[in-house]
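Examination of the molecular architecture
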Amino acid sequence: MAQPRILILGAPGAGKGTQSAKITEAFDVEHVTTGDALRANKDMDISEMDTEYDTPREYMDQGELVPDEVVNAIVDEALSQADGFVLDGYPRNLEQAEELEDMTDLDVVLYLDVGEEELVHRLTGRRMDPETGEIYHVEYNPPEDPDVEDRLEQRDDDTEETVKERLRVFRENTEPVIEYYEDEGVLERVNGEQAPDEVWEDVKATIEDVA
Ligand code: AMP
């Protein structure tokens, strides 16, 4: 099998990052994620693009979408350099979905399905170890080492207020993207409320089946 081109869709907090990391390892593909790419370039100057704000930071800290022009360029560049990939965090609206269609074909479109109450709980309790990048949860998965616990940080946009806004943006902009792939008959739904290992079993089996 050639290296698969995989799209992973889901709300913020659905587990796209966790499952993408496993996919990357098991299928030897690249992880292309707009969220990480933008976080690494939060203060890049986008003022020449005729956008409302001059950097991605203002959009991200409010839970709003960064303008398509910025994000499309990041994805186009990353995909042109990858044989197989798992694309995570994009497309977030129908315009981006159309843009993606012009960039590449996809072998698998996965959707991690998680209810809203669970998403809020996961996101507001999420913490990161700034030294290792490891993700924890204050309740579901706290670190054993007290030194790690002391240095944990919350993502700027994981506060309750911003989480609610991110989920509103998801419902308004990204749910139509899920319907778009569903209407094309290519959407593979996975129950994302299961434990991470069980979700992985389903994700792996789906990719092996389709790709
Ligand atoms: P994530 O880590 O995927 O939750 O993304 C964090 C933030 O980055 C989002 O709330 C948006 O502000 C921005 N972002 C990530 N991906 C996109 C995208 N495809 N389009 C627009 N903004 C994005």
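Note that the structure is predicted; figures quoted are calculated from it, not measured.

1. Quick look at the nonpolar core
Within the largest apolar cluster, 48 residues are counted, with the highest numbers of intra-cluster contacts made by Leu9, Ile23, Leu87, Leu110, Tyr181 and Val203. Not counting residues within four places of it along the chain, the set of residues in contact with Leu87 comprises Ile6, Leu7, Ile8, Val32, Val75 and Leu100.

2. Focus on unusual backbone geometry
Between Tyr90 and the following residue, Pro91, the backbone shows a cis peptide bond with an omega angle of 0 degrees. With respect to the helices, strands and loops of the structure, Pro91 is situated in the loop between β3 (85-88) and α5 (94-103). In the Ramachandran plot, Asp28 falls in the positive-phi region, its phi being about 55 degrees despite a non-glycine side chain. By the element assignment, Asp28 lies in the loop between α1 (16-27) and β2 (30-33).

3. Quick look at α5
Among all positions in α5, only Gln96, Ala97 and Leu100 are buried. Buried positions in α5, seen along its axis, are confined to an arc of 105 degrees and lie on one side of it. Contacts from the buried residues of α5 go to β1 (5-10), α4 (68-80), β3 and α8 (160-183). Where α5 begins, one side-chain oxygen reaches toward the backbone nitrogen of Glu95, 3.3 Å away; that side chain belongs to Asn93.

4. Some details on the sheet that holds strand β7 (residues 187-191)
If you trace the five strands from one edge of the open sheet to the other, you get β2-β3-β1-β4-β7, paired in parallel fashion. Bordering the open sheet on either side are β2 and β7, each of which pairs with just one other strand. Put simply, the sheet's adjacent strands are angled 25 degrees from each other on average, direction ignored. With five bridges joining them, β1 and strand β4 (residues 108-113) adopt parallel strand pairing. Bridging across to β4, Leu7 finds its partner in Val109. Seen against the sheet, α1 touches β1, β2, β3 and β4 and runs at an angle of roughly 165 degrees to β1. Packing of α8 onto the sheet brings it into contact with β1, β4 and β7, and relative to β1 it is tilted by some 135 degrees.

5. Focus: the environment of Tyr53
With respect to the secondary-structure elements, Tyr53 resides in the loop between α2 (34-39) and α3 (56-61). Residue Tyr53 is classed as partly exposed on the basis of its relative accessible area of 25%. Sequence-distant contacts of Tyr53, that is, excluding residues within four places in its chain, are made with Ile46, Glu58, Tyr59 and Gln62.

6. So, the layout of surface pockets
The calculated volume of the second largest pocket comes to roughly 210 Å³. Residue lining of the second largest pocket: 14 residues in total, with Leu106, Val109, Tyr181, Glu184 and Val186 positioned closest to the centre. Of all the secondary-structure elements, those providing two or more residues to the lining of the second largest pocket are α5 and β4. Split by residue class, the lining of the second largest pocket holds eight nonpolar, one polar and five charged.

7. Comments concerning a negative patch on the surface
Side chains of Asp76, Glu77, Glu95, Glu98, Glu99, Glu101, Asp102, Asp105, Glu175, Glu179, Asp183 and Glu184 sit close together on the surface and give a patch of like negative charge. Contributions of two or more residues to the negative patch are made by α4, α5 and α8. Assignment of secondary structure puts Glu95 in helix α5.

8. Observations regarding the UniProt feature "binding site: ATP" (unreviewed entry) in the chain
UniProt annotation of "binding site: ATP" (unreviewed entry) refers to Gly13, Ala14, Gly15, Lys16, Gly17, Thr18, Arg126, Ile135, Tyr136 and Gln194 when read in the numbering used here. For Gly15, a relative accessible area of 21% gives the class partly exposed. Setting aside anything within four residues of it in sequence, one finds Gly15 in contact with Leu112 and Arg122. Within the fold, Gln194 resides in the loop between β7 and α9 (196-210). For Gln194, the residues in contact, after removing those within four places along its chain, are Arg122, Val199 and Asp202.

Reading guide: rules and limits
Residues numbered from 1 in each chain as written. Predicted model: local features only at pLDDT ≥ 70, side-chain atom pairs only at ≥ 80, totals over all residues. Heavy atoms only, no water. Core = buried A, V, L, I, M, F, W, Y, C linked by side-chain atoms within 4.5 Å. Buried < 20%, exposed > 50% of the residue type's maximum accessible area, 1.4 Å probe, protein only. Contact = heavy atoms within 4.5 Å. Helix = DSSP H or I, 4+ residues; strand = E, 2+ residues; numbered from the N terminus. Arc of directions from axis to C-beta. Polar contact = N/O pair within 3.5 Å; in protein donor to acceptor, adjacent residues only side chain to side chain. Pairing = 2+ DSSP bridges. Axes fitted to C-alpha atoms, helices over the stretch in contact; angles between N-to-C directions. 1 Å grid on protein atoms, 1.4 Å probe; cavity = no way out; pocket = protein on both sides within 12 Å on 5 of 7 lines; lining within 4 Å. Points joined across faces, edges and corners; volume = space filled by probe spheres on them. Nonpolar A, V, L, I, M, F, W, Y, C, P; charged D, E, K, R; others polar. Patch = residues over 30% accessible without salt bridge, like charges linked within 9 Å, V, L, I, M, F, W, Y side chains within 5 Å. Areas by Shrake-Rupley, 256 points an atom, 1.4 Å probe, with all protein chains shown as cover. Salt bridge = Lys/Arg side-chain N within 4 Å of Asp/Glu carboxyl O. Lys, Arg positive; Asp, Glu negative; His and termini not counted. Charge placed at Lys NZ, Arg CZ, Asp CG, Glu CD. UniProt positions renumbered as here; feature names shortened; annotations may be inferred.

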